[in-house]
Amino acid sequence: MAQAIPAGQKWWSGGKSPYNVEYGKLMMWFFLMSDAFTFGAFLISYGTIRFSSNSWPDPNAVFRSFPGVRGEMPVPLAFVSLMTFILIMSSVTMVLAVANGHANNKYGVAKWMGWTIVGGLAFLSCQAWEWTHLYHEGAWWGRNPFLNIDGTQSSTNFSNFFFTITGFHGFHVFSGVVINIIMLIMTLKGTFEQRGHYLMIEKAGLYWHFVDLVWVFVFTCFYLF
Amino acid sequence: MEHIQANPAVAHGQGQNFDTKAIWRTFRILLIITVVELILAIGYYEIDFSNKHFVKHVLNGIFVILTLTKAFYIIAEFMHLGHEIKNLILTLAMPSLLFIWFIIAFLWDGNSYKNLRNNYDPYQKEQSLKKVEAKKPGAAE
Amino acid sequence: MSNELTVHGHPGVAAPDIHYEDHEVHHHKETFITKYVFSQDHKMISKQFIITGMVWAILGGLMSVLFRLQLGYPDTAFPFLEDLLGKWAKGGKIQPEFYYALVTMHGTVLVFFVLTGGLSGTFANFLIPLQIGARDMASPFLNMLSYWFFWLASVVMVSSLFVETGPASGGWTSYPPLSALGDASQGSKAGMDLWIISMALFVVSSLLGGLNYISTILNMRTKGMSMTRMPLTIWAILFTAILGVLSFPVLLSGFILLLFDRHAGTSFYLSDIFIASTQKALPNEGGSAILFQHLFWFLGHPEVYIIILPAMGLVSEVMAVNTRKPIFGYMAMVGSLFAITILAFLVWAHHMFVTGLNPFLGSVFVLLTLLIAIPSAIKVFNWITTLWKGNIRFTPAMLFAIGFVSLFISGGLTGIFLGNSTLDIHLHDTYFVIAHFHIVMGVSAFFGMFCGVYHWFPKMYGRYMNNTMAYIHFWVTLVGAYLIFWPMHYEGLAGMPRRYLDYSGWASFNQFGELNRFISTVAMVVFAVQLMFVFNFFYSIFKGRRVTSQNPWGSTTLEWTAPIRPGHGNWPGEIPEVHRWAYDYGKDGRDFIMQTEPIGDHESKH
C-alpha cells in the first residue's frame with residue numbers, strides 16, 4: 001500500500017528491503033536482467049553479422065505463408081502478427097491473474113492462469129507450424145534457400161540466426177508454460193491460499209512478461225528490419 | 001519462497017492493487033503500435049520508392065522507437081515496474097544503459113568488417129554482387 | 001507494515017526457515033549429508049568452494065610446472081613424464097598438442113575455477129551473511145545449487161582431461177575457427193565439447209551465486225547497516241556479483257552459437273576456411289570470427305575484474321584491521337569500485353587491437369581503457385595512505401595485503417603500455433602480456449585470496465594457521481612471483497612470442513635459454529611452497545592453535561560478534577544492530593570500536 005510508506009522513509013538504512021520487495025522478486029528481476037543480456041547478445045550478434053554482410057534476405061518475401069492458405073498470402077507477415085497478438089494477449093491474461101492474486105481471489109487466479117497457459121501453448125504451436133513450414137521450404141540450421149533482397153546469393157546465417165534465436169525464445173516460452181502449469185496446480189491445491197499471498201504468481205508473471213518483452217525485440221529484428 | 005510465512009500484510013503489501021482498466025489500455029496501446037509497425041513494413045514492401053535505402057533507414061529508426069515504446073509499456077505496466085519505488089526502477093534501468101555501447105561497438109565493428117572484406121577481398125565482393133536464380137521452395141532438400 | 005517484509009527479527013517473517021527467537025541453534029537434527037555434503041549453510045558452502053578451489057589450484061599449478069619444465073629444458077627428455085602422461089609425452093618430451101592442452105587448461109582452470117569459483121565463491125559465501133548481519137543467504141537452497149553446479153562443471157572439466165583426443169587446446173579464450181572445427185586439431189574434438197559444457201555449467205553456477213549475493217546484500221542487511229556502513233569487502237563482492245550476472249550470459253550466448261557451429265553446420269563464426277589436415281575447403285560463408293572474440297571479451301574483460309575486485313575488498317578490510325587505522329577514503333574506495341565496474345563493461349575490445357578491429361573504434365577503446373587507470377590509482381593511493389603512519393601488525397594476512405598492493409602496482413603499470421593500441425601492435429602475443437596479466441590479476445588475486453584465508457581462517461575453523469609456515473609462504477611467493485614474471489617483460493619487449501613450446505630454433509631468442517631455465521626453477525620452488533600452504537591449511541583445521549577469544553584481531557565488523565564457531569544461523573540470539581561504519585579504529589583514544597556499539601554522546605565525527 002503506497003499510503004503505508006511514510007514520507008522521507010530511509011530505504012537504505014538496513015533492516016528492510018531498499019526496494020520494498022521481498023528477495024524472491026528481487027532475484028527474479030536480476031535474473032531477468034541477466035537473461036536480457038543473453039538475448040541481447042544473440043540479437044546483437046545477429047545485427048553484427050547482418051552489418052558485415054553486403055546484403056540480406058527480405059523478411060517480407062520470406063514470411064508469407066499462413067496455415068490453411070495455399071501458396072502465398074497477399075500480405076506478408078500475417079502469421080507472425082497472429083503470433084504476436086497471441087503472446088500479448090497471454091501477457092494480459094497473466095496480469096489479470098496477478099491482479100486476482102492481489103485480491104486473494106483463488107478462482108480468478110486459476111481462471112486467468114489457465115488462459116495464460118492456453119495462450120502460451122497456442123504460441124508454441126504457431127511456432128512449431130512456422131518452423132515446419134520453413135523446414136519444408138528448405139530452411140534449417142546450415143541451410144538457407146532464400147536469396148538476398150538484391151537477388152544475390154545469401155549466406156546461411158539468415159536461417160541460422162532465425163532458428164537459434166526464435167528457438168531460444170521458444171525454449172523460454174516452453175519453460176514459462178511449465179512454470180505456469182506448476183503455478184496453476186499450486187493455486188488449485190490452495191497452497192497460496194494457505195500462505196495468504198500469491199507472490200509466486202507475481203514472480204511467474206514477471207518471467208512471462210519478460211518472454212513477451214523479448215518477443216517484441218525478436219519481432220522487430222527478424223520481421224521488420 | 002516457502003520461507004515466507006503467512007502474513008496478511010505481505011499479500012497487500014506489494015505496492016498497489018492492479019487497475020484492470022489500465023491493463024486493457026496498455027493492451028490496446030501495444031496492439032495499435034504493432035499494427036502501425038505492420039502497416040509500415042508492408043507498405044514499404046508494396047510501394048516502390050525511388051530512394052529505397054533512405055526510406056528503409058528512416059523506417060528502421062521508426063521501428064526502433066516504436067519497439068522501445070512497446071518495451072516501456074510492457075515493463076512499466078505489465079511487469080508493474082512503473083508502480084514500484086524509485087530505487088528499484090533506477091537499479092534496473094542503470095545496467096540497461098550498458099546496452100548502448102554494447103550495440104554501438106558491435107555494429108560498428110560488424111560494418112567495418114564488411115568494408116574491410118570488400119576492400120581487401122575483391123573476389124569475395126564480386127561473388128556477393130552476382131545475381132543468382134532463385135531455387136524452388138523445397139529444392140534444398 | 002509493507003516495508004518490513006524481509007526484516008530479521010521481525011516476528012513471523014524472519015528469513016530462511018530458521019527461528020531463533022525461541023529455539024536453540026541446533027534445533028534440527030543434522031546428518032553427515034545435510035551438514036557436510038548438501039549443506040545449505042553459507043559457511044559450509046564457502047568451505048566447499050575453497051577446498052574445491054584448492055584442488056583445482058594444485059591441478060592448474062601442476063600443469064604450469066609441466067610446461068615450464070618443457071620451456072626451461074626444451075632439449076632434455078624426462079622419462080618420468082612418459083610414465084606419467086603416456087603418449088602425450090612420448091620419449092619423455094611433451095608433445096606439441098599436449099603443450100597447447102596444458103596451457104589452455106591452466107588458463108581455464110586458474111581463471112574460472114580457482115580465481116572466480118574459488119575466490120568469490122568462498123569469500124562471498126562466507127562473509128556476506130556474517131558481515132551484513134544475516135542468518136544466511138537470501139536463498140540457501142539456490143546457494144547450495146550454485147556450489148553443486150560448480151562441482152558438476154569441475155567433474156566435466158576433469159573428465160575432459162581423460163578423453164582420447166585430449167582436452168581442449170585452443171587457448172582459454174577458445175577462439176574459432178580452432179574451437180569450432182573438430183578437424184582443426186586434436187584438442188578441437190571431444191575435449192572442446194566437454195570444455196564448452198563445463199563452462200556452461202560454470203556460468204549457471206556463477207549466475208545462481210551472483211543473484212544470491214546481490215539480493216542478500218541489498219535486501220537482508222541488519223538494522224542500521226546502511227550501504228555506507230558496510231565493510232569494503234561487501235562492496236567489492238556486490239560489484240563482483242553484478243559484473244558476473246551481467247557479463248556471463250553474453251559468454252553463454254557466444255558458446256551456444258559456437259556449439260551450433262560445431263554440430264549444426266551453421267557459420268556464425270566461420271567464413272572462407274581451408275583445413276590443412278583434411279585438405280578441404282569448407283562451404284561456410286558469411287560468419288565472422290571476430291564476432292566470437294567480441295562476445296568472449298564482453299565477458300572476458302569483466303572477468304578479470306570479477307577476479308580482482310574481491311581481492312581488493314579483502315585487502316582493504318585486512319589492511320584497516322592491521323594498521324589499526326580507518327581505511328583512507330572509504331567513499332573514494334566505493335566510488336572507484338563502482339567506476340571500475342562500469343568501465344569493465346566498456347573496454348573489452350582492447351584485447352582485440354590486432355584482430356582486424358576497426359582502428360578508429362580501437363582508438364575509442366584505448367581512451368576508455370586508459371580511464372581505468374584513474375580508479376585503480378585512487379585505490380592504490382588509498383591503500384598506501386592507509387599504511388601511512390599506521391600501527392602496523394605484520395600478520396601473515398597483512399603481509400599478503402601489502403604484497404597485493406605491490407603486485408597490483410607493478411602489474412597495473414604495464415597495463416598502461418598494453419592499453420595503447422599502437423604499442424600493443426608490438427607487444428601483443430609476447431611474453432610481456434603474460435607478465436602483465438599474471439602479475440596484475442593472477443598472482444595479485446592469489447595474494448588477495450591468501451590474505452583472506454589467513455585472516456578469516458580463525459572464523460572459519462576456530463583455529464589459527466601456523467605462522468612460521470605462513471611467513472615462509474609469503475616471502476617465497478612474493479620473491480618468486482617477481483623472479484618469475486619480471487624477466488618475462490624483457491623477453492616480451494625483445495619480441496619473444498607466447499604459445500611456443502620450443503624457442504631453440506630461434507637465433508634471436510637463444511639468449512633467453514638460461515633465463516627460461518631460471519624462471520622454470522623458480523616456478524617449481526614457488527609451486528612447492530604453495531603445497532606447503534595447502535598442508536598448513538589442512539593441518540591447522542585439525543591441529544591449529546585454538547581461537548580463544550571472540551575477536552582475535554580486534555576488528556570492528558560483525559562477524560567477530562558471532563560465536564567462535566557459529567552454528568547455522570550465525571548468531572544464537574538476536575542479530576546485532578549496527579550503529580556505525582566498519583572502520584572506527586584508533587578513534588578518540590580507543591583502539592577500535594565495534595560496529596555494534598552505539599554512538600557515544602561526546603564522540604568525534606569521522
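Novice: Break down the overall build of chain B for me, citing the residues and quoting the values.
Specialist: Looking only at helices and strands, one finds six helices and zero strands in chain B. The N-to-C order of helical and strand elements in chain B reads α-α-α-α-α-α. Every one of the 141 residues in chain B was classed for burial, and the buried ones make up 23%. Across chain B, the fraction of contacts at a sequence separation of at least 24, relative to all contacts at a separation of at least 6, is 58%.

Novice: If you had to explain helix α10 (residues 359-371) of chain C to someone new, which residues and values would you point to?
Specialist: Across its 13 residues, α10 of chain C extends 19 Å between first and last C-alpha, which sits within 8% of the 18 Å expected from 1.5 Å per residue. Of the surrounding secondary structure, the elements contacted by the buried residues of α10 of chain C are α13 (421-427) of chain C.

Novice: Give me the interface of chain B and chain A: which residues, what numbers.
Specialist: Between chain B and chain A, the contact holds 61 residues from the first and 58 residues from the second. Those elements giving two or more residues to the side of chain B that touches chain A turn out to be α1 (8-13), α2 (20-46), α3 (52-78), α4 (86-96), α5 (98-120) and α6 (122-129) of chain B. Residue contributions to the side of chain B that touches chain A peak at 11 residues, all from α2 of chain B. Its residues assigned to classes, the side of chain B that touches chain A comprises 37 nonpolar, 16 polar and eight charged.

Novice: Which residues make up the packing of helix α2 (residues 42-72) of chain C against helix α5 (residues 140-160) of chain C, and what values go with them?
Specialist: All names here are of chain C. Across the interface, α2 lies against α5 with an axial gap of 10 Å and an inter-helix angle of 15°. The angle between α2 and α5 places the two elements in the roughly parallel class. Crossing geometry of α2 relative to α5 is assigned as left-handed. Taking contact as the criterion, the partners of H42, I45, Q48, F49, T52 and W56 in α2 are, on α5, P140, N143, M144, Y147, F150, W151 and S154. Considered class by class, the residues forming the contact of α2 with α5 number eight nonpolar, five polar and no charged.

Novice: Tell me about the nonpolar core, and name the residues and values.
Specialist: I214, I237, V315, F400, A401, F404 and C451 of chain C are the most contacted members of the largest nonpolar core, which has 277 residues in total. Examining the composition of this core, we find that 23 residues originate from one element, helix α8 (residues 289-323) of chain C, more than from any other. The residues that make up this core include at least three from each of domain 1 (1-94) and domain 2 (97-129) of chain B. For A401 of chain C, the contacting residues outside a window of four places in its chain are V315, V318, M319 and C451 of chain C.

Novice: Summarise the confidence of the model for chain C; cite the residues concerned and give the values.
Specialist: Chain-level statistics for chain C give a pLDDT mean of 92 and a share of 95% at 70 or above. Scoring of the predicted complex yields 0.92 for pTM and 0.94 for ipTM.

Definitions and limits used
- Residues numbered from 1 in each chain as written.
- Chains lettered and ligands numbered in written order.
- Predicted model: local features only at pLDDT ≥ 70, side-chain atom pairs only at ≥ 80, totals over all residues.
- Helix = DSSP H or I, 4+ residues; strand = E, 2+ residues; numbered from the N terminus.
- Buried ≥ 20, exposed ≤ 12 C-beta atoms within 10 Å, placed from the backbone.
- Contact = placed C-beta atoms within 7 Å.
- Expected span 1.5 Å × (residues − 1).
- Nonpolar A, V, L, I, M, F, W, Y, C, P; charged D, E, K, R; others polar.
- Axes fitted to C-alpha atoms, helices over the stretch in contact; angles between N-to-C directions.
- Parallel < 35°, antiparallel > 145°, perpendicular 65-115°, else oblique.
- Left-handed = near helix turned anticlockwise from the far one by under 90°.
- Core = buried A, V, L, I, M, F, W, Y, C linked by C-beta atoms within 7 Å.
- Domains from an automatic or database assignment.
- pLDDT = per-residue confidence, 0-100.

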